[in-house]
Amino acid sequence: GDSVTQMEGPVTLSEEAFLTINCTYTATGYPSLFWYVQYPGEGLQLLLKATKADDKGSNKGFEATYRKETTSFHLEKGSVQVSDSAVYFCALTTTDSWGKLQFGAGTQVVVTP
Amino acid sequence: DAGVTQSPTHLIKTRGQQVTLRCSPKSGHDTVSWYQQALGQGPQFIFQYYEEEERQRGNFPDRFSGHQFPNYSSELNVNALLLGDSALYLCASSFLDRRNTEAFFGQGTRLTVV
């Protein structure tokens, strides 16, 4: 079946540091890939997406590139802020099960001043 | 646009009871999906509704059932509650059209079973 594996947290960083969160996937169909963010006490917000190989999704300084050859979709940000502290989820949906999102376990990011 | 709204925000139930959670989708969206998020874990897909029918279902027992109304709003029902059903229940709305891939999530309903 489809699955998403992402690096365990918490990831603790100082403000202005570089952030990388690794995400790899297995999928039976052709997946679209997503990063969602969850702030404390809130639901999920879509951060960025990529729907085909080599696409780069970007938003709010975050970027991720859909790498079909390595089945990866790593999230990066060049300079984090305290306000980026949240839990980040990598997710996919496939052409075989359109609209059903398969999530990773989440990575908590803590940014300190 | 109010986005996806869920009610109630918090709920405490006793083992064996039944619960109904409600979701109003983002304006214009025709598809509603439900997810269960246990503490410290990623959301798990329960099921998806489109045109008042269940389109897809995840690996959840029949105690979990749902409904979609003509105005696209939806309910999630859980019977014979277990302690393990304690979780954040998230509703997501979207278009079924594959050309538009974004799902919008509500704030969730925090269910505690005691």
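Above this text you will find the structure in question.
Every value quoted in this text rests on a predicted model; they were computed, and no experiment measured them.

A. Seen up close, the interface of chain A and chain B. Contacts between the two partners involve 19 residues from chain A, matched on the other side by 22 residues from chain B. Three residues stand out in chain A for area buried against chain B, namely Leu44, Trp98 and Lys100 of chain A, and they jointly supply 35% of the buried area on that side. The tally of links from chain A across to chain B stands at zero salt bridges. Taken together, the connections running from chain A to chain B amount to four residue pairs in polar contact (both at pLDDT 80 or more). Breaking the side of chain A that touches chain B down by element, the ones donating at least two residues are β5 (31-38) and β6 (44-50) of chain A. For the side of chain A that touches chain B, the per-class residue count stands at nine nonpolar, seven polar and three charged.

B. Inspection of the state of the cysteines at higher detail. All names here are of chain A. The tally for this structure, following the rule as stated, stands at two disulfides over all chains. Two residues share a disulfide in this structure: cysteine 23 and cysteine 90, whose sulfurs sit 2.0 Å from each other. A torsion of -70 degrees about the S-S bond marks the disulfide between cysteine 23 and cysteine 90 as left-handed. Of this pair, cysteine 23 sits in strand β4 (residues 23-26) while cysteine 90 sits in strand β10 (residues 86-94), and the two are 67 residues apart along the sequence. The burial state of cysteine 23 is the same as that of cysteine 90; both residues are buried.

C. How the structure looks around the sheet that holds strand β7 (residues 64-68) of chain B. Residue and element names in this part refer to chain B. Strand order in the open sheet formed by four strands is β1-β3-β8-β7, and the pairing between neighbours is antiparallel. Either end of the sheet is taken by a strand with one partner, and the two such strands are β1 (5-7) and β7. Sheet twist, expressed as the mean angle between neighbouring strand axes with direction ignored, is 20 degrees. Both β7 and strand β8 (residues 74-78) contribute to a ladder of five bridges, which runs antiparallel. When the sheet's bridge partners are listed, phenylalanine 64 is paired in β8 with valine 78.

D. Quick peek at the nonpolar core. Counting 25 residues, the largest nonpolar core has Leu19, Trp35, Leu48, Phe73, Leu75, Tyr88 and Val109 of chain A as its most contacted members. At four residues, the largest contribution of residues to this core is made by β10 of chain A.

Reading the values: rules and limits
Residues numbered from 1 in each chain as written. Chains lettered and ligands numbered in written order. Predicted model: local features only at pLDDT ≥ 70, side-chain atom pairs only at ≥ 80, totals over all residues. Heavy atoms only, no water. Contact = heavy atoms within 4.5 Å. Buried area = accessible area lost by both parts, 1.4 Å probe. Salt bridge = Lys/Arg side-chain N within 4 Å of Asp/Glu carboxyl O. Polar contact = N/O pair within 3.5 Å; in protein donor to acceptor, adjacent residues only side chain to side chain. Helix = DSSP H or I, 4+ residues; strand = E, 2+ residues; numbered from the N terminus. Nonpolar A, V, L, I, M, F, W, Y, C, P; charged D, E, K, R; others polar. Disulfide = S-S within 2.5 Å. Buried < 20%, exposed > 50% of the residue type's maximum accessible area, 1.4 Å probe, protein only. Pairing = 2+ DSSP bridges. Axes fitted to C-alpha atoms, helices over the stretch in contact; angles between N-to-C directions. Core = buried A, V, L, I, M, F, W, Y, C linked by side-chain atoms within 4.5 Å.

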